Amino acid sequence: MEDCCSAESERMEAWLDDHLEFTHSYFIRKASREMVNAWFAERVHSMQPSASKENPLQQRAHQSSTDYTILPPTLNFLDNRCPSPATVPSPAPGTPTRKISASEFDRPLRPIVVKDSEGSLTFLSDADRETVPLRGSVMGEGGVSGAGSGSGVDCCARLLELVKDVSSHLDVTALCHKIFLHINELIAADRYSLFLVGEDSSNRKFLVSRLFDVAEGSTLEESSSSCIRLEWNKGIVGHVAATGQPLNIKNAYEDPRFNAEVDLITGYKTQSILCLPIKNHRDEVVGVAQAINKKCGEDSAFSEQDEKDFSAYLAFSGIVLHNAQLYETSQLENRRNQVLLDLASLIFEEQQCLEVLLRKIAGTILSFMQAQACTVFIADDDSMNSFSSVFHMEYEELREVLDAPKRDCDVSQINYMYAQYVKNTMQPLNIADVTKDQRFPWTRENPHHTSNQIKSLLCTPIRNGKKDTVIGVCQLVNKMDEAPGTVKAFNRNDEQFLEAFAIFCGLGIQNTQMYETVERAMAKQEVTLEVLSYHASAAEEESRELQVSTVPSAQSLRLLDFSFSDFDLSDTETTQATIRMFVDLNLVQNFQMKYTNNLSDLEVLALMIATLSHDLDHRGVNNSYIQRSDHPLAQLYCHSTMEHHHFDQCLMILNSSGNQILSGLSLDEYKTTLKMVERAILATDLALYMKRRGEFFELTKNSQFVWEDEDHRDLLRSMLMTACDISAITKPWPVQKRIAELVATEFFEQGDKERRELNIEPTDLMNREKRDKIPSMQVSFIDAICTQLYETLAGMSEYCSPLLEGCQENRQHWKHLAEECEKGLVNGLL
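Rules and cut-offs
- Residues numbered from 1 in each chain as written.
- Predicted model: local features only at pLDDT ≥ 70, side-chain atom pairs only at ≥ 80, totals over all residues.
- Heavy atoms only, no water.
- Helix = DSSP H or I, 4+ residues; strand = E, 2+ residues; numbered from the N terminus.
- Buried < 20%, exposed > 50% of the residue type's maximum accessible area, 1.4 Å probe, protein only.
- Contact = heavy atoms within 4.5 Å.
- Pairing = 2+ DSSP bridges.
- Core = buried A, V, L, I, M, F, W, Y, C linked by side-chain atoms within 4.5 Å.
- Salt bridge = Lys/Arg side-chain N within 4 Å of Asp/Glu carboxyl O.
- Disulfide = S-S within 2.5 Å.
- Axes fitted to C-alpha atoms, helices over the stretch in contact; angles between N-to-C directions.
- Parallel < 35°, antiparallel > 145°, perpendicular 65-115°, else oblique.
- Nonpolar A, V, L, I, M, F, W, Y, C, P; charged D, E, K, R; others polar.
- Polar contact = N/O pair within 3.5 Å; in protein donor to acceptor, adjacent residues only side chain to side chain.
- pLDDT = per-residue confidence, 0-100.
- Left-handed = near helix turned anticlockwise from the far one by under 90°.
- Expected span 1.5 Å × (residues − 1).

Observations regarding the environment of Val-470
Residue position: Val-470 is located in strand E14 (residues 470–480). Note on Val-470: relative accessible area 10%, which makes it buried. Along the sequence, Val-470 and Asn-424 sit 46 residues apart, while their C-alpha atoms lie 8.5 Å from each other. Val-470 has contacts with Ala-379, Lys-423, Met-426, Pro-461, Ile-462 and Arg-463, leaving out every residue within four places of it along the chain.

Pasting the structure below:
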């Protein structure tokens, strides 16, 4: 099939070749702008030199300058082609990368953003208005022979004819070729070159060839097949560009600026050189035209008339060339603006999740700016000298899928110091080489700091919509050079792009933060309505009844017995037991009392409140279910979801009228107590217990626990909370078995919900079909979670020994029950 299509295409192409008039007519009628641009980009703007001509062209450059650079097509700053595909491997779908880089706009364009009269950044600026001065004496200055002579009239007419021919051209490459054809008509030299003046974003001038060493009969494609860069004020061409004065050299070998080595290599004999500046309407040099070896002159030298004709023609050509360059610059600025709009649209696609937004921002900036790493720092509203979150991305991560999990990075290795400086000063920071920058002390004081891995750095503030507050900082490090493995400095062009892009980033980040705030507020409102629906506070009648009732003693309530169980207590008796504990611990009467158990009064108070509140408003499901079911609570907290909710309920009760039992504390005592309550309640999350218990066991095992160390005391309080939370495993066997049955029933109900609502298979612990495995799972739970904790606490205090003993006894019961389950004598707990 493919062979048939290929043969048919060949026949059609042959027919079109034989009917050129029809082909031309069809193209004129049917060709789209995209087709024309594609043809033009391929034919006119192809700058790759052929293999046969590469070396002579490079060698010929030495005749104009001893210091030159052969530019690849992608570095030709005047090239107006569409961007070529990036040289890096194509990124995975969804990655916000572009096949265009900031280096394509590295020339002195108008600033993207400017400061208005109030000092704020804005995209709006007054356009530069220029009046073009008339150069009425061009013909007189140009040296064309007097108008009275017939030959002068003919010359003027011919010159005007040539100028008319180029006046409508706006493409610089085609215009340069036209100028070459006209110069050849005027002075008839053997070789021609035409160089245009260029500037980088740092306003450093250089010369780039648009025609180099071309001869009569050269086509447009051949004339523009090489691009050579010359340094300013070096060589013959560089001297003419810098001084603006022409050079008519009769013997090139006698001029010290001429390099004769090229003639020796190529065998070409350079005799005479005529080199003239091309100036615009402001009398500024915009290019240099050079002719070599007059064909029919005496000793191959250029005459004064040649110089006059050449100069007169270039006077007009300079204005036309300047117009073409202005048109090219306007197109480039239009493309630049389109790039910024595309980048902005990428950001505003995501307004719901800050992490996804920051990934898009970092990926887009990395691809466009060609940097090794991008870090976005989000400012902390509550602190002037810290950041609430940091997003870091390496260039290699651009190949990853956008929705893939973010690769973990060591945040301790990220340099915060430059970002903090930019945040405080609200000004961008561009450092070419951080190792040589003496403004910041940390590089000198700590030479082994991670900042030494940074060579070049560009850091800019991200402001909010009002532009009066820094809400973040974007930091780029190590701009990648064209040569693999090398790093170069960020230039002014990079600064302008990052500064402009940061404006869109600020709007995007602020909108996303506002959206997340609204989402959290809505989730909190929904949870609050749920809580209010079943009353979180006691009725006034219940409070009065409790006040007039007699509180039983601790002995009658068996509060001092490790076998205590609240199953036999009514709601009123449970509340009275709580009051009895507060009274007997003197937390009500004499809060300043010192205790003999190494825990301070504040710690005892905080632990009492935490133990009573650690399961407030429990929903009968675990954190995993809350997260997977997209419950509003999951939007409020990123980890330990239910534990955070329990603490919030505790705060709500403590702040309710009539419940403010902490009102007698000082401000510092109040803050300290609430902090301990929060950490104690969060410690009941077994996931946090598993992370921290290793440190506690090591401290006690090596006798390194220090009571005076606040971190050690906090660790002990956390372990005590876990010991209390799972203490049902230490109760007498009938109580332990009954509690296990209640917990298993709760787990099975969650498993049923997971099947019904989430369409997932529950784990064995939640699966009522696996109830026969409960005894063996209890044994595993005791071995993995409980035993070592109670052994360690018993080692610290003999008063905790009953906990260990009860745990060990219950393990034997569960072990025996598990063996009976394996034999089929019983079915789990029931």
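So, the pairing of strand E5 (residues 205–214)
The element E5 is extensively covered by neighbouring structure, given that nine of its 10 residues are classed as buried. Summarising the sheet, strand E4 (residues 189–199) and E5 pair through seven bridges and their orientation is antiparallel. Among the inter-strand pairings, Glu-199 is bridged to a residue of E5, identified as Lys-205. Across three bridges, the pairing between E5 and strand E6 (residues 228–231) is antiparallel. Following the sheet pairing, Leu-207 is matched in E6 by Leu-230.

So, the nonpolar core
In this structure, Ile-361, Ile-365, Leu-476 and Ile-509 are the most contacted members of the largest nonpolar core, which totals 36 residues. Counting residues per element, the ones that place at least two in this core are helix H11 (304–348), helix H12 (354–369), strand E10 (371–379), strand E11 (387–394), strand E13 (457–463), E14 and helix H15 (492–533). A total of nine residues in this core trace back to one element, the largest contributor, which is H12.

Here's the deal with the pattern of salt bridges
Evaluation of the coordinates by the stated rule reveals 27 salt bridges. Residue Lys-279 pairs with Asp-283 through a salt bridge whose shortest N-O separation is 3.9 Å. One salt bridge in this structure joins Glu-603 and Arg-717, with 2.5 Å as the shortest N-O distance. Of this pair, Glu-603 sits in helix H19 (residues 601–613) while Arg-717 sits in helix H25 (residues 710–725), and the two are 114 residues apart along the sequence. Among the charged side chains, a network of salt bridges with common partners joins Glu-603, Arg-679, Arg-692, Glu-710, Arg-713, Asp-714 and Arg-717.

Structural notes on the state of the cysteines
Scanning the entire structure with this criterion turns up zero disulfides. The closest cysteine sulfur to the non-disulfide-bonded Cys-374 is located on Cys-474, 3.9 Å from its own sulfur. Residue class for Cys-374 comes out buried when judged on its relative accessible area of 0%. Here Cys-800 is not cross-linked by a disulfide; its sulfur's nearest cysteine counterpart is in Cys-724, at 8.9 Å. For Cys-800, a relative accessible area of 16% puts it in the buried group.

With respect to the packing of helix H18 (residues 571–584) against H19
The contact between H18 and H19 brings their axes to 11 Å, and the two run at 170°. Classed by the angle they form, the pair H18 and H19 counts as roughly antiparallel. Taking contact as the criterion, the partners of Thr-578, Met-581 and Phe-582 in H18 are, on H19, Leu-605, Met-608, Ile-609 and Leu-612. Per-class residue counts for the contact of H18 with H19 are six nonpolar, one polar and no charged.

With respect to unusual backbone geometry
Even without glycine at this site, Asn-233 takes up a positive phi of about 65°. In the Ramachandran plot, Asp-283 falls in the positive-phi region, its phi being about 65° despite a non-glycine side chain. With respect to the secondary-structure elements, Asp-283 resides in the loop between strand E8 (273–279) and strand E9 (285–294). Overall, Asp-283 belongs to the partly exposed group, its relative accessible area being 46%.

A closer look at the side chain of Lys-731
With respect to the element layout, Lys-731 can be found in the loop between H25 and helix H26 (733–758). Residue classification places Lys-731 among the buried positions, given a relative accessible area of 15%. Within the structure, the side chain of Lys-731 is placed 3.0 Å from the backbone oxygen of Phe-564, a separation counted as a polar contact. Discounting residues that sit within four places of it in the chain, Lys-731 has contacts with Phe-562, Ser-563, Phe-564, Gln-736 and Asn-810.

As for the confidence of the model for the protein
Regions with low pLDDT carry predicted coordinates that are not meant to be interpreted in detail. With 73% of its residues at a pLDDT of 70 or more, the protein has an overall mean of 75. Within the model, pLDDT remains below 50 along residues 401–405, and this stretch shows 10 contacts once partners closer than five positions in the same chain are excluded. Counted against residues more than four places away or in other chains, residues 590–596, with its pLDDT under 50, gives 16 contacts.

Some words on the pairing of E4
Buried residues dominate E4, accounting for eight of its 11 residues. As defined by bridge partners, E4 adjoins E9 across seven bridges and the pair is classed as antiparallel. The residue of E9 that forms the bridge with Leu-194 is Ala-289.

Some thoughts on the packing of H19 against helix H23 (residues 667–682)
Contact pair H19 / H23: the axes reach a minimum separation of 8 Å and the direction vectors enclose 45°. The angle between H19 and H23 places the two elements in the oblique class. Here H19 and H23 pass one another in a crossing that is right-handed. Packed against H19, whose contacting residues are Leu-602, Glu-603, Leu-605, Ala-606, Leu-607, Ile-609, Ala-610 and Ser-613, the element H23 presents Glu-669, Thr-672, Thr-673, Met-676, Val-677, Ala-680 and Ile-681 at the interface. Considered class by class, the residues forming the contact of H19 with H23 number 10 nonpolar, three polar and two charged.

Details of helix H28 (residues 801–823)
Compared with the 33 Å implied by 1.5 Å per residue over 23 residues, the 34 Å span of H28 between its first and last C-alpha is a close match. Along H28, the residues that are buried comprise Leu-803, Leu-804, Gly-806, Cys-807, Asn-810, Trp-814, Leu-817, Ala-818 and Cys-821. Among the structural elements, H26 and helix H27 (774–796) are those in contact with the buried residues of H28. One or two positions beyond H28, positive phi appears at Gly-824, with a value near 80°.

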